[in-house]
Amino acid sequence: MAITTAPGTTRPGRPTSPYAPRPRRAGLGRKLRDNLTGHAFLIGAVLCFAVFSWYPMIRGIVMSFQRTRRGVTTWVGWDNYLRILDDPSFWTAWKNTFHFTALALVLGYAVPFLVAILLNELRHAKGYLRILVYLPVMLPPASALFLFKFYAYDPSEAGLFNAILKALHLPTSQWMQSPEMTMPAMVIASTWMNMGSAVLIYLAALQNIPGELYEAAELDGAGIWRRIWNVTIPQTRLILALLAMMQIVATMQLFIEPLILANGAGAEDSATSVAYLIYQHGFFQNDLNGAAALGVIMLVVLAGFSAVYLRLTAKQD
């Protein structure tokens, strides 16, 4: 006797629907869609980096070995680098850049950390003070620097800093007109403009430190400086190392401060930086190949700093 089944069933008692999904194919389709979506976002980011970062970098390296005159480009090898190295302003620019970086590490690196510790210890008005510290970051850099140039660094007694020095019965300064004070003045302005972001990062790291560590240090009789040295700094060393590297990379590209505060070179070339020298070669001397060579030299120096940082952090880990 033959067994017949009703339409829509495969076996007696087990009905099926013609719209029943196939689990395996549905899973493959969903996985494929997810992969395509992720790769679409990734391709967009890669294209942006390729067009706006990698291609200009490779193009700059190629241009540093070429020379273009009257629309004719020729390959000259290392001639651009030798010509740049023979320029006395090249060594002056590197000296000023390293001077600015060293002062920025002493002042601009330490001050945000101390301000973050102070804000972390306060009990009242934390939100207001955080906004106050971060406010300079929201100002356009050019506006902030013009504020310093014409209001704070006015060499007359009407300038803000000179008025403060006079009120304290201290000698006033010529600030940007003085070769000795040009670099410290630029570091002060740069620190004031940029420290807000670093303070917020430090605050986030400080709030992740377990309170039991501070309580144990207090029970051992540790004062505030010992607690900072033995608890705060070891617990935030990775953030400190990362921001130190970012500080070096940022300050080595010193440009807008000398351009606005010191009108470029400053008194007796005391403000000329490597980035400003690249700007001079490219836009004033129409020497794009020399500017590219300077850019490659800066790239190699910053890559060296980054390699040292990665080496040191790898050993610490």
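See the structure above.
The structure displayed is predicted, hence computed values, not measured ones.

Chemist: What's the story with the overall build of the protein in this structure? I'm lost.
Modeler: Helix and strand counts for the protein come out as 14 helices and four strands. Evaluated residue by residue, the protein yields a buried proportion of 34% over its 317 residues. In the form shown here, the protein has an accessible surface area of approximately 20400 Å², with 66% of it arising from carbon and sulfur atoms.

Chemist: Is there a simple way to think about the nonpolar core in this case?
Modeler: The nonpolar side chains of a soluble globular protein tend to be buried, and buried together. In this structure, F148, Y153, M176, M186 and L261 are the most contacted members of the largest nonpolar core, which totals 21 residues. Contributions of two or more residues to this core are made by α6 (141-152), α7 (160-167), α8 (179-206) and α12 (256-261). If you look at the next biggest cluster of nonpolar residues, it comprises 19 residues, including F113, M195, I228 and V231.

Chemist: Where do I start with the pairing of strand β3 (residues 66-69) in this structure?
Modeler: A regular strand carries its side chains on alternate faces of the sheet. Two strands pair when backbone bridges link them, and β3 and strand β4 (residues 72-75) are joined in this way by four bridges, in the antiparallel orientation. Directly across from R69, in β4, lies its bridge partner V72. As consecutive antiparallel partners, β3 and β4 are separated by two residues, and within that stretch R70 has a phi angle of approximately 55°, a positive value.

Chemist: What am I meant to see in the pattern of salt bridges here?
Modeler: A pair can form between side chains of opposite charge whenever their charged atoms are brought close. Going through the model one piece at a time under the given rule, you end up with two salt bridges. Between D287 and R83 there is a salt bridge, with its nearest N and O atoms 2.7 Å apart. Placement of D287 in the loop between α13 (274-284) and α14 (288-316) and of R83 in helix α2 (residues 79-85) is noted, with a sequence separation of 204 residues between them. Under the relative-accessibility criterion, D287 is labelled buried at 12%. In this structure, E157 and K166 form a salt bridge, with 2.8 Å as the shortest nitrogen-oxygen distance.

Chemist: What's the story with the packing of aromatic side chains in this structure? I'm lost.
Modeler: Any aromatic ring pair is given by two values, namely how distant the centres are and how the planes are angled relative to each other. On inspection of all chains with the given rule, the structure shows 21 aromatic pairs. Here the aromatic rings of Y279 and F284 are separated by 5.4 Å at their centres, their planes lie at 80°, and the arrangement is edge-to-face. Accessibility expressed as a relative area gives 25% for Y279, which makes it partly exposed. For F284, a relative accessible area of 58% corresponds to the exposed category. Put simply, the rings of F148, Y153, F161, W175 and W192 pair up and form one aromatic cluster.

Chemist: Looking at this structure, how should I read the side chain of N289?
Modeler: Secondary-structure assignment places N289 in helix α14. Judged by its relative accessible area of 5%, N289 is buried. Within the structure, the side chain of N289 is placed 3.1 Å from the backbone oxygen of Q66, a separation counted as a polar contact. If near-sequence neighbours (up to four positions away) are discounted, N289 is found in contact with M63, S64, Q66, R67, T68 and N80.

Chemist: Looking at this structure, I do not really get the side chain of T272. What am I missing?
Modeler: Following the sequence through the fold, T272 ends up in the loop between α12 and α13. Contact partners of T272, with chain neighbours within four places excluded, come to T92, A93, N96, G264 and A265.

Thresholds, definitions, all that
- Residues numbered from 1 in each chain as written.
- Predicted model: local features only at pLDDT ≥ 70, side-chain atom pairs only at ≥ 80, totals over all residues.
- Heavy atoms only, no water.
- Helix = DSSP H or I, 4+ residues; strand = E, 2+ residues; numbered from the N terminus.
- Buried < 20%, exposed > 50% of the residue type's maximum accessible area, 1.4 Å probe, protein only.
- Areas by Shrake-Rupley, 256 points an atom, 1.4 Å probe, with all protein chains shown as cover.
- Core = buried A, V, L, I, M, F, W, Y, C linked by side-chain atoms within 4.5 Å.
- Pairing = 2+ DSSP bridges.
- Salt bridge = Lys/Arg side-chain N within 4 Å of Asp/Glu carboxyl O.
- Phe/Tyr/Trp six-rings, centres within 6.5 Å; stacked < 30°, edge-to-face > 60°.
- Polar contact = N/O pair within 3.5 Å; in protein donor to acceptor, adjacent residues only side chain to side chain.
- Contact = heavy atoms within 4.5 Å.

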